[in-house]
Amino acid sequence: MKYDPKRVHVLLKKIAAIRIRYPLFIAILADMDRCLAESPDLREPLCMLITGDTGVGKSTLIDTFKQLHPKQNTVEGTEIPVLEASLQLPVTIGGLFSSILDAMGAPYADRGTVEFKRRRLMELLKRCRVQLVILDEFQHLVERGTRQRIEAVADAIKSLINHSGIPFILVGMPTAHAVLEYSPQLAGRFPLRRDLPSFNWLERPADFERLLTFFEQALPFEKPSGFCDDTLPARFYLATGGNFRAFTTLIYDASRTALMRGGVRIEREQLIRSYHSLLSANRKLRANPFLGDDSAIERWIDQLRGKRQ
Ligand SMILES: Nc1ncnc2c1ncn2[C@@H]1O[C@H](COP(=O)(O)OP(=O)(O)O)[C@@H](O)[C@H]1O
Ligand SMILES: [Mg+2]
């Protein structure tokens, strides 16, 4: 097919919008729903902690949850059932309040004293009928704060939960766990905890291969690209380490080149190039996993398995 920039643009947008609801993704969404649905009937709101390394899909999960509970414009103003804010550095109590205020669209969210912000925050949470607050990038608190500051901010969150009656979902890198260790009182309010791991093809090949199959089917090409043929799952695993961001970066770039060439599917050549230009610097592997014959890849995998034993 001839190269048509408009068509390529439309198809790439489609590819970027592909979302996969794998079983753990659905299970975590169900837990988030529990926080929302059960909290009004409980004496204390039901809160949750979600951790995972960078690029495993935490923010995507939050976006999906927000889409399930969208903002509504009513005659009385905007209702925001699920409010998401992100923790900014450096993390202070005033900064935390400002981030939440800002997420509700409050003008001059960083104006005034901490107490002024707190009152404004409580008022706006009510006015926007917020039913759940999600705080992303929660590891920032642990990574850069002193013990004293971590305890103070943890305490402020605990008070917010108590006074508003609204459940919080904290989301961040695995180091975010430490906040709950610093604050046993906060920990008690977070019985739901989930860790989002990378896909591990060595231990659970079926999960990763399902992901490959799903993506292949979702791609707008005329022919299947054969992601699960022969040693391709192994190659994808080596290239991405099972990390979602690395995987979609690779697929998006390879799709772009394929579409620009008028291709009917993603070819190995495009995977080789995309890995080389976008992933190799970060992965620092001994070779490009899309190069080499099947027996070389099988030896590579055997060595990996050997190392893990
Ligand atoms: N469920 C999913 N379906 C499709 N792509 C996903 C999914 N989860 C993550 N991704 C891809 O991985 C990228 C990184 O995910 P992100 O949610 O930003 O990770 P994190 O917040 O954990 O760092 C996203 O931009 C998206 O391309
Ligand atoms: Mg994120």
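In case you missed it, the structure is sitting above this.
So, here's what we can say about the structure. (Residues numbered from 1 in each chain as written. Chains lettered and ligands numbered in written order. Predicted model: local features only at pLDDT ≥ 70, side-chain atom pairs only at ≥ 80, totals over all residues.)

1. Here's the deal with the site of ligand 1
Moving on, step 1. Ligand 1 sits among 15 residues. The nearest are Gly 57, Lys 58, Ser 59, Thr 60 and Thr 248.
Moving on, step 2. When residues of the shell around ligand 1 are traced back to their parent elements, those giving at least two are helix H3 (58-68) and helix H12 (244-260).
Moving on, step 3. Within the shell around ligand 1, the residues separate by chemical class into 5 nonpolar, 7 polar and 3 charged.
Moving on, step 4. Both domain 1 (23-195) and domain 2 (199-308) contribute no fewer than three residues apiece to the shell around ligand 1. (Near = placed C-beta within 6 Å. Helix = DSSP H or I, 4+ residues; strand = E, 2+ residues; numbered from the N terminus. Nonpolar A, V, L, I, M, F, W, Y, C, P; charged D, E, K, R; others polar. Domains from an automatic or database assignment.)

2. Concerning the packing of H12 against helix H13 (residues 268-283)
Moving on, step 1. At a minimum axis distance of 9 Å, the contact between H12 and H13 shows a crossing angle of 125°. In terms of axis orientation, H12 runs oblique to H13. For H12 against H13, the interelement crossing comes out right-handed. Across from Ala 246, Thr 249, Leu 250, Asp 253, Ala 254, Thr 257 and Ala 258 in H12, the residues of H13 making contact are Gln 270, Leu 271, Arg 273, Ser 274, Tyr 275, Leu 278 and Leu 279.
Moving on, step 2. Classifying every residue of the contact of H12 with H13 by side-chain character gives 8 nonpolar, 4 polar and 2 charged. (Axes fitted to C-alpha atoms, helices over the stretch in contact; angles between N-to-C directions. Parallel < 35°, antiparallel > 145°, perpendicular 65-115°, else oblique. Left-handed = near helix turned anticlockwise from the far one by under 90°. Contact = placed C-beta atoms within 7 Å.)

3. Brief notes about the environment of Leu 271
Moving on, step 1. Along the chain, Leu 271 falls in helix H13.
Moving on, step 2. Of the residues examined, Leu 271 has 26 C-beta atoms within 10 Å and is grouped as buried.
Moving on, step 3. Setting aside residues no more than four positions away along its own chain, Leu 271 makes contact with Leu 250, Ala 254, Ile 266 and Phe 290. (Buried ≥ 20, exposed ≤ 12 C-beta atoms within 10 Å, placed from the backbone.)

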